[in-house]
Amino acid sequence: MATSSLPTRRLGTTDMSITRAGFGAWAIGGGDWAAGWGAQDDDDSVAAIRAAVGQGLNWIDTAAVYGLGHSEDVVGRAIADIPASERPYVFTKCGLVWDETDRMASPRRVGHPDSLVVQTEASLKRLGVEVIDLLQVHWPSDDVPLADYWGAMANLKKAGKVRAIGLSNHSVAQLEEAEAIAHVDTLQPPFSAIRRDTAAELLPWAKEHGTGVICYSPMQAGLLTGRFSAERAAALPDDDWRKNNAQFNGEKLEANLALADALKPVAERHGVSQAAVAIAWVLAFPGLTGAIVGARNPQQIEGWIAAASLELTEDDISEIAAAIEGTGAGSGPVRP
């Protein structure tokens, strides 16, 4: 199951070996919800997923909340006709519950054990699978202590509903608390050449504890692709979460775009895109297993698929570190 000709890395202590890049399904949830990316054609989304699998990527990361269930529906549609032996691993997330009567309201962080069982069953149904390969708690819950929701996750694993369990957007202190209850199979933090704080504490902790790490937004939601501009940022639709995000406005946007430009010489040396370099940069860090990369159509995958096998040199790393320092973009360590 989920074999690939691309380089793979073992995901923590699980029995899964994953490609260095995986398909991120946040944007294919579409718009019309609090953290949407604007309108999206479902046929394009299905084509993108199938193209990614066809190129050798062997895992998809989604979440129940993306599109308020819609992303999982689309992923389920995309993989339904793929033979089990060729099907990618499916990772999803739980712990965010939305209001069906107000799609633009911010989802609530709900981790009550009874709710997690209901959420998991709903995800299984939308995805059309019997077992979820990896289920992650999306954010720390507001309604119950960590011990309650992490204990419930461990029970879902024991019951065979999921193969592995993980935490997304949790701190080292929270990871320590969870690890004392049940092993944290995986961690999913944000990580890019702009948002680099993950490299300071989270990656070392994960490496020490045998926890796999799959990071999200390695291209910083498009800023590091080389195809973004101040004009494009200004023209983002109102239902795109990036519209009012600090990284997409003012001096931060200017610094981020300057850093993206600085990736161009590295990309030209390797004959790849700036996006591929941005992804390969995070993958150069010890402790990081894979990077989640979004695509809204097959053409976008062609722009970054090279990252799944690209190895940056020490000179590349030094050049990028100098660019980070020179532009003043983001925060955190500037090199592995």
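Everything below is about the structure shown above.
A short tour of the structure in this document, coming up. What you see is a predicted model; the values in this text were computed from it and never measured.

1. Points about the nonpolar core
So, point 1. With 98 residues, the main nonpolar core has Phe23, Trp150, Met153, Phe191, Trp281, Trp304 and Leu312 as its most contacted residues.
So, point 2. Ranked by residues supplied to this core, first place goes to helix H10 (residues 274–283) with nine residues.
So, point 3. If you look at the next biggest cluster of nonpolar residues, it comprises eleven residues, including Met16, Ile18, Tyr89 and Ala164.

2. A word on the side chain of threonine 186
So, point 1. Summarising the element assignment, threonine 186 is placed in strand S10 (residues 186–188).
So, point 2. In contact with threonine 186, not counting residues within four places along its chain, are Leu11, Leu134, Gln136, Ile165, Gly166, Leu167, Thr211 and Gly212.

3. Topic: the packing of aromatic side chains
So, point 1. A full pass over the atoms with the stated rule returns ten aromatic pairs.
So, point 2. Between tryptophan 26 and tyrosine 66, the aromatic rings sit 5.8 Å apart at their centres with planes inclined by 15°, giving stacked as the arrangement. With tryptophan 26 in the loop between strand S3 (21–24) and helix H1 (42–54) and tyrosine 66 in the loop between strand S4 (59–61) and helix H2 (70–79), the pair connects residues that are 40 residues apart, well separated along the chain.
So, point 3. Centre to centre, the rings of tryptophan 281 and phenylalanine 285 are 4.8 Å apart; their planes meet at 65°, and the pair counts as edge-to-face. Per residue, the accessibility class of tryptophan 281 equals that of phenylalanine 285, and both read buried.
So, point 4. Site record: aromatic cluster; members linked through ring pairs are Trp26, Trp37, Tyr66, Phe228, Trp241 and Phe248.

4. Let's talk about the sheet that holds strand S12 (residues 290–294)
So, point 1. Taken in spatial order, the eight strands close into a barrel running S3-S4-S5-S8-S9-S10-S11-S12, and their pairing is parallel. Looking at each pair of strands side by side, their axes are set apart by 30° on average, direction ignored.
So, point 2. Here three bridges tie strand S8 (residues 134–137) to strand S9 (residues 165–168), and the two strands are oriented parallel to one another. Each bridged residue has a counterpart across the sheet, and for glutamine 136 the counterpart in S9 is glycine 166.

5. Remarks on the pairing of strand S5 (residues 89–94)
As a general feature of sheets, a regular strand has side chains that alternate between the two faces.
So, point 1. Of all the six residues making up S5, six are buried; the element is thus mostly covered by neighbouring parts of the structure.
So, point 2. Side-chain alternation along S5 places Tyr89, Phe91 and Lys93 on one buried face and Val90, Thr92 and Cys94 on a second face that is also buried.
So, point 3. Here S4 runs beside S5; their pairing, made up of three bridges, is parallel. Bridge pairing links isoleucine 60 to valine 90 in S5.
So, point 4. Crossover S4 to S5 through H2 is right-handed.

6. As for H2
So, point 1. Burial within H2 is extensive, with seven of its ten residues counted as buried.
So, point 2. Of the positions making up H2, those classed as buried are Ser71, Glu72, Val74, Val75, Gly76, Ala78 and Ile79.
So, point 3. The inward-facing, buried residues of H2 contact H1, S4, S5 and helix H3 (113–127).

7. Thoughts on the pattern of salt bridges
So, point 1. Under the defined criterion, the tally for this structure stands at 14 salt bridges.
So, point 2. In this structure, glutamate 311 engages arginine 20 in a salt bridge whose closest nitrogen and oxygen atoms are separated by 3.7 Å. With glutamate 311 in the loop between helix H11 (298–304) and helix H12 (314–327) and arginine 20 in the loop between strand S2 (17–19) and S3, the pair connects residues that are 291 residues apart, well separated along the chain.
So, point 3. Lysine 161 is the salt-bridge partner of glutamate 121, the closest N and O atoms lying 2.8 Å from each other. Of this pair, glutamate 121 sits in helix H3 while lysine 161 sits in the loop between helix H4 (146–158) and S9, placing them 40 residues apart in sequence.
So, point 4. One salt-bridge network, held together by shared partners, links Asp15, Asp133 and Arg163.

8. A word on the pairing of S12
So, point 1. With respect to burial, S12 is a largely interior element, four of its five residues being buried.
So, point 2. Where S3 meets S12, four bridges bridge the pair, whose relative direction is parallel. Note on S12: the bridge partner recorded for alanine 21 is alanine 291.
So, point 3. Pairing analysis gives two bridges linking strand S11 (residues 212–215) to S12, with the strands arranged parallel. Bridge assignment links isoleucine 214 to a residue of S12, and that residue is glycine 290.

Reading guide: rules and limits
Residues numbered from 1 in each chain as written. Predicted model: local features only at pLDDT ≥ 70, side-chain atom pairs only at ≥ 80, totals over all residues. Heavy atoms only, no water. Core = buried A, V, L, I, M, F, W, Y, C linked by side-chain atoms within 4.5 Å. Buried < 20%, exposed > 50% of the residue type's maximum accessible area, 1.4 Å probe, protein only. Helix = DSSP H or I, 4+ residues; strand = E, 2+ residues; numbered from the N terminus. Contact = heavy atoms within 4.5 Å. Phe/Tyr/Trp six-rings, centres within 6.5 Å; stacked < 30°, edge-to-face > 60°. Pairing = 2+ DSSP bridges. Axes fitted to C-alpha atoms, helices over the stretch in contact; angles between N-to-C directions. Right-handed = clockwise from strand over helix to strand, strands pointing away. Salt bridge = Lys/Arg side-chain N within 4 Å of Asp/Glu carboxyl O.

All we've got here are geometric facts, nothing functional implied.
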